[in-house]
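Observations on the model geometry
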Amino acid sequence: ELNGVTCTNNSVSITRGLSAAAVAYRGISIQGGGTIDVIGNKVFSLTNSTAANTYTYIGIISIPQPATGVATYTINFINNCVTLMDDNLASGYIYGLFPASNATSPASTQNVYNNTVRLGGTGVVGAVGAYFACLPISSTVVGSTVNSYNNISSYERTANNATSFGIAYDLTSYPAAG
């Protein structure tokens, strides 16, 4: 387990195919405890030219995880730029910047400040229930806090179907019942 992570001033682009067993592309992916700083990074292309690929794509994701001796968990997404304009035709979802939580995540504070996310490309009408979001902020853990200020989102994706969602900013910060 990591106690404190810093990821700053990186530039990421992935433009090649994955193996047949792979299911996802992540530009920057961090799981850890304590304070996670994701500052000043650029993710500008995540693409796969494989016909009819159904991979999922996330520019930057961070998920807090329990760490021994750590009482406070903070994720800072500050001054990052994510531009995903690739078609990635049959993708089930594409997220730009994703501060997230999962079943093992402790309560945390997520600070999302001064980021820019642009999401585009062309999808396939057949991708039923697809979900595309520039800034899907998700914190479902009781006691968590989300602070989001001065972010810019531009959603420009085309050719989705009636059950697809295209969202520039999605804050789903709600604790599970109980």
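Reading the values: rules and limits
- Numbers given for residues are sequential positions, taken from 1 along each chain in its written order.
- In view of the model being predicted, local features appear only for residues whose pLDDT reaches at least 70, and side-chain atom pairs are presented and counted only at 80 or more, with totals across whole chains, interfaces and linings using the full set of residues.
- Note: side-chain values were computed over all heavy atoms of the structure, leaving out hydrogens and water.
- The helix count covers DSSP runs of H or I at least four residues long, the strand count covers runs of E at least two residues long, and both are numbered beginning at the N terminus.
- Three labels apply to residues, based on accessible area from a 1.4 Å probe with only protein chains included: buried if under 20% of the type maximum, exposed if over 50%, partly exposed otherwise in between.
- Residue burial considers only the protein chains on display, and all accessible areas are found by Shrake-Rupley using a 1.4 Å probe.
- When DSSP finds two or more bridges between a pair of strands, those strands are recorded as paired.
- For helices, the fitted axis covers only the stretch in contact; all axes are lines through C-alpha atoms, and the angles between them, taken along N-to-C directions, range from 0 to 180 degrees.
- Confidence scores labelled pLDDT are given residue by residue by the predictor and lie between 0 and 100.
- Whether two residues are in contact is decided by their heavy atoms: any pair within 4.5 Å suffices.
- Salt-bridge detection follows one rule: a side-chain nitrogen of Lys or Arg within 4 Å of a carboxyl oxygen of Asp or Glu.
- Two rings belonging to Phe, Tyr or Trp (six-membered ring only in the last case) form a pair when the distance between their centres is within 6.5 Å. Interplanar angles under 30 degrees mark stacking, angles over 60 mark edge-to-face geometry, and anything in between is tilted.

The next thing to look at is the overall build of the chain. Of regular secondary structure, the chain possesses 0 helices and 14 strands. In the chain, the succession of helices and strands from N to C terminus is β-β-β-β-β-β-β-β-β-β-β-β-β-β. Burial status across the chain gives 46% buried among its 178 residues. Accessible area for the chain stands at about 8,100 Å²; split by element, carbon and sulfur atoms hold 54% of it.

In space, the 5 strands of this open sheet follow the order E2-E4-E7-E10-E13, with parallel pairing throughout. Either end of the sheet is taken by a strand with one partner, and the two such strands are strand E2 (11–14) and strand E13 (152–155). Taking the axes of each pair of neighbouring strands and ignoring which way they run, one obtains an average angle of 5 degrees across the sheet. Direction of pairing for E2 relative to strand E4 (residues 42–46): parallel, over a ladder of 4 bridges. Each residue of the ladder has a partner; that of Ser13, found in E4, is Ser45.

When pLDDT is averaged along the chain, the result is 80, and 76% of the positions lie at 70 or above. Confidence, read as mean pLDDT per element, is least for strand E14 (residues 165–172) in the chain (68) and greatest for strand E6 (residues 74–78) (94). The model gives residues 174–178 a pLDDT under 50, and that stretch makes 7 contacts with residues more than four places away or in other chains.

With that settled, the discussion passes to the pattern of salt bridges. One pass over the full model with this rule turns up 1 salt bridge. Among the ionic pairs, Glu156 bridges to Arg118, the shortest N-O distance being 2.8 Å. In this pair, Glu156 sits in the loop between E13 and E14 while Arg118 sits in strand E10 (residues 116–119), placing the two residues 38 residues apart along the sequence. According to the relative accessible area criterion, Glu156 is partly exposed, its value standing at 35%. Given a relative accessible area of 36%, Arg118 falls into the partly exposed group.

Scanning the entire structure with this criterion turns up 4 aromatic pairs. Residues Tyr95 and Phe98 carry aromatic rings whose centres are separated by 4.8 Å and whose planes lie at 70 degrees to one another, so their mutual orientation is edge-to-face. Residue classification places Phe98 among the buried residues on the basis of a relative accessible area of 13%. Considering the side-chain rings of Tyr113 and Tyr149, the 5.4 Å spacing of their centres and the 25 degrees angle between planes classify their relative orientation as stacked. Of this pair, Tyr113 sits in strand E9 (residues 109–113) while Tyr149 sits in strand E12 (residues 145–149), and the two are 36 residues apart along the sequence. According to the relative accessible area criterion, Tyr113 is partly exposed, its value standing at 23%.

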